[in-house]
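Below are the chains, spelled out letter by letter.
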Amino acid sequence: MEFAPMNGKQLYGIRRLAANLKIGMHPELKGMSIKQKLALNHLSGQSKLTKLGGEYYSNTFTPYFPSPAYDRFLQGLRSIIKNKPWPVVTNFAVTAKCCCNCWHCSFADRDKKDKLTLDVMKNAIKQVQDLGASVIGLTGGEPLLRKDLEEIIASIDERSMPIMFTTGFELTRERVRDLKKAGLKIPVISLDHYTPEIHDKGRNRKGMFDTALKAIELFKSEGFYTAVSFVPSRELVSDRKEIFKVMRFFKHIGVNDMRLTSPILAGKLTEHPDDLLTKENVQTIFEIQKQSTKTPGLPGVFAYDYFESKHFYGCGAGYNYMFIDSQGNVCPCDFTMLSLGNILERPLADIWEETSRKFHKPGNTCYANKIAAAIKTKNPGKFPMNREDSLDIIQQCPPASPNETPWLYEKMGE
């Protein structure tokens with residue numbers, strides 16, 4: 001099968017330098033010290049920079065430049081550097097309904113009844129934007145199963161960049177155009193292998209490999225900066241030849257970017273610590289991140305193991321990240337099965353204030369993995385855990401110790 005090349009132009013050498021200088025002139029950066037600017041420059045160097053039209057994209061966690069969303073992103077960055085939490089990225093599970101039953105699903109043990117009506121969603125999005133979110137992700141379940149998805153996206157104003165996570169289920173060209181017209185900026189399509197049988201087995205539904213490839217081509221043909229979401233098993237990462245073959249496949253199909261999310265102890269994997277990657281596996285992930293960044297033609301990579309380690313900016317659950325599920329529960333992140341409130345019962349600002357007080361600084365490791373054993377001992381039976389049990393877990397397992405400060409915050413003077 002022939003695939004169109006990726007959209008846009010990856011920037012290297014003089015072109016990258018010129019773009020960095022242009023972005024570096026942003027007014028929000030003027031008050032920063034040389035040390036802080038050097039730290040940010042080093043961090044930006046860990047991601048590719050792609051020019052698409054008149055916009056510059058670095059990854060799926062950072063708004064494109066120039067845009068009001070990018071302005072707010074820098075405002076949020078300056079806030080969290082001063083130890084003032086800011087929900088830079090907020091994800092909504094717009095539905096619990098899904099066409100798949102994935103082996104790694106973090107949403108598997110949540111209530112499957114959707115409670116967020118269109119009006120509730122619009123109001124919640126406004127509240128999130130008022131709190132400062134510069135990236136709003138729409139996930140699930142399968143977001144495309146919501147017939148009012150375009151209206152939800154259209155309610156996100158220019159202060160935030162909308163992205164969507166999808167399997168591509170029943171996607172048509174007409175709907176891709178409707179999503180683009182509504183304001184979607186980055187589609188992220190689930191794809192875990194170059195072999196149809198392996199991908200479909202992981203999703204527990206036949207035909208999902210072809211569905212994903214069709215979605216990628218549809219989004220590319222309409223000019224999108226297109227990404228994939230990739231969840232490799234420990235078995236795959238342990239086979240270096242095979243996982244790098246997957247990376248070359250992503251290059252072949254012409255995607256711009258890839259979110260590499262290692263297995264996390266949430267949902268179906270809550271009681272399966274053997275599925276976590278080994279230290280050697282994580283080093284392979286680091287190698288993938290570095291090789292992809294420096295090699296023209298390979299998609300950019302955002303590997304959680306890499307960026308959320310102590311070597312960069314750590315785990316920002318509840319500090320610069322927030323997740324709201326299809327029941328309205330506000331959680332520190334998609335994978336942290338705790339909640340201190342529900343938007344149908346309390347103002348979102350109050351819930352975020354309490355959550356960010358408990359998650360008052362970033363940690364050096366994934367918090368969802370950190371609390372898995374404590375959650376298993378409590379055995380709540382229903383997720384996310386209620387406020388009382390969530391507070392108990394946070395007390396048992398503080399998100400970060402006084403001695404933990406990820407590299408970026410240390411360099412920036414947090």
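Parameters at a glance
- Residues numbered from 1 in each chain as written.
- Predicted model: local features only at pLDDT ≥ 70, side-chain atom pairs only at ≥ 80, totals over all residues.
- Heavy atoms only, no water.
- Helix = DSSP H or I, 4+ residues; strand = E, 2+ residues; numbered from the N terminus.
- Rg over C-alpha atoms; globule rule 2.2 N^0.38 Å.
- Buried < 20%, exposed > 50% of the residue type's maximum accessible area, 1.4 Å probe, protein only.
- Areas by Shrake-Rupley, 256 points an atom, 1.4 Å probe, with all protein chains shown as cover.
- Pairing = 2+ DSSP bridges.
- Core = buried A, V, L, I, M, F, W, Y, C linked by side-chain atoms within 4.5 Å.
- Contact = heavy atoms within 4.5 Å.
- Axes fitted to C-alpha atoms, helices over the stretch in contact; angles between N-to-C directions.
- Parallel < 35°, antiparallel > 145°, perpendicular 65-115°, else oblique.
- Left-handed = near helix turned anticlockwise from the far one by under 90°.
- Salt bridge = Lys/Arg side-chain N within 4 Å of Asp/Glu carboxyl O.

Within the protein chain, the secondary structure is distributed over 16 helices and 12 strands. Computed over its C-alpha atoms, the radius of gyration of the protein chain comes to 20 Å, within 12% of the 22 Å expected for a compact globule of 414 residues. Taking all 414 residues of the protein chain together, 59% fall into the buried category. Accessible surface for the protein chain amounts to roughly 17500 Å². Of this, 52% is attributable to carbon and sulfur atoms.

The strand order across the open sheet formed by 3 strands is 1-2-3, and the pairing between neighbours is antiparallel. The open sheet has two edge strands with one neighbour each: strand 1 (9-10) and strand 3 (55-57). In terms of strand pairing, strand 1 meets strand 2 (residues 50-52) through 2 bridges, oriented antiparallel. Note on strand 2: the bridge partner recorded for Lys9 is Lys51.

Residues Phe92, Leu179, Leu191, Phe219, Phe250, Ile253 and Tyr367 are the most contacted members of the largest nonpolar core, which totals 124 residues. Residue contacts for Phe92: discarding those within four places in its chain leaves Met121, Ala124, Ile125, Val128, Ile136, Gly137, Leu138, Thr139, Phe323 and Ile324.

In this section: the packing of helix 6 (residues 173-182) against helix 8 (residues 208-221). Running from amino to carboxyl end, helix 6 crosses helix 8 at an angle of 50°, the nearest separation of the two axes being 10 Å. Viewed along their axes, helix 6 and helix 8 adopt a mutual orientation that is oblique. Between helix 6 and helix 8 lies a crossing whose hand is right-handed. For the pair formed by helix 6 and helix 8, the contact residues are Arg173, Val176 and Leu179 on the first element and Leu218, Phe219 and Ser221 on the second.

It is worth spelling out the environment of Ala93 at this point. Along the polypeptide, Ala93 turns up in strand 4 (residues 89-93). Given the relative accessible area of 0%, Ala93 is considered buried. If we ignore the near neighbours within four places in the chain, the residues touching Ala93 are Phe107, Leu116, Thr139, Gly140, Phe323, Ile324, Asp325 and Ser326.

So, about unusual backbone geometry. For the bond from Phe65 to Pro66, the omega torsion is -5°, close enough to zero to count as cis. Between Phe383 and the following residue, Pro384, the backbone shows a cis peptide bond with an omega angle of -5°. Take Pro384: it is sitting in the loop between helix 14 (367-378) and helix 15 (387-396). One non-glycine residue with positive phi stands out, namely Asn83, at about 65°. Tracing the backbone through its elements, the reader meets Asn83 in the loop between helix 3 (68-81) and strand 4. Its relative accessible area of 39% is what places Asn83 among the partly exposed residues. Positioned with a positive phi, Asn204 is a non-glycine residue whose angle comes to about 55°.

A few words now on the pairing of strand 8 (residues 227-230). Side chains Ala227 and Ser229 project from strand 8 onto one buried face, and the interleaved Val228 and Phe230 project onto a second face that is buried too. In terms of strand pairing, strand 7 (residues 186-190) meets strand 8 through 3 bridges, oriented parallel. Residue pairing in the sheet places Ile189 in a bridge with Val228 of strand 8. Bridge analysis of strand 8 against strand 9 (residues 257-260) gives 4 bridges, and the strand direction is parallel. In the sheet register, Phe230 faces strand 9, and the bridge partner there is Leu260.

The next thing to look at is the pattern of salt bridges. Scanning all chains against the criterion turns up 18 salt bridges. Put simply, Arg173 and Glu222 hold a salt bridge, and the shortest N to O gap is 2.9 Å. On the criterion of sequence distance, the pair formed by Arg173 in helix 6 and Glu222 in the loop between helix 8 and strand 8 is long-range, its members being 49 residues apart. Since its relative accessible area comes to 15%, Glu222 is described here as buried.

Worth remembering: the numbers are spatial, not functional.
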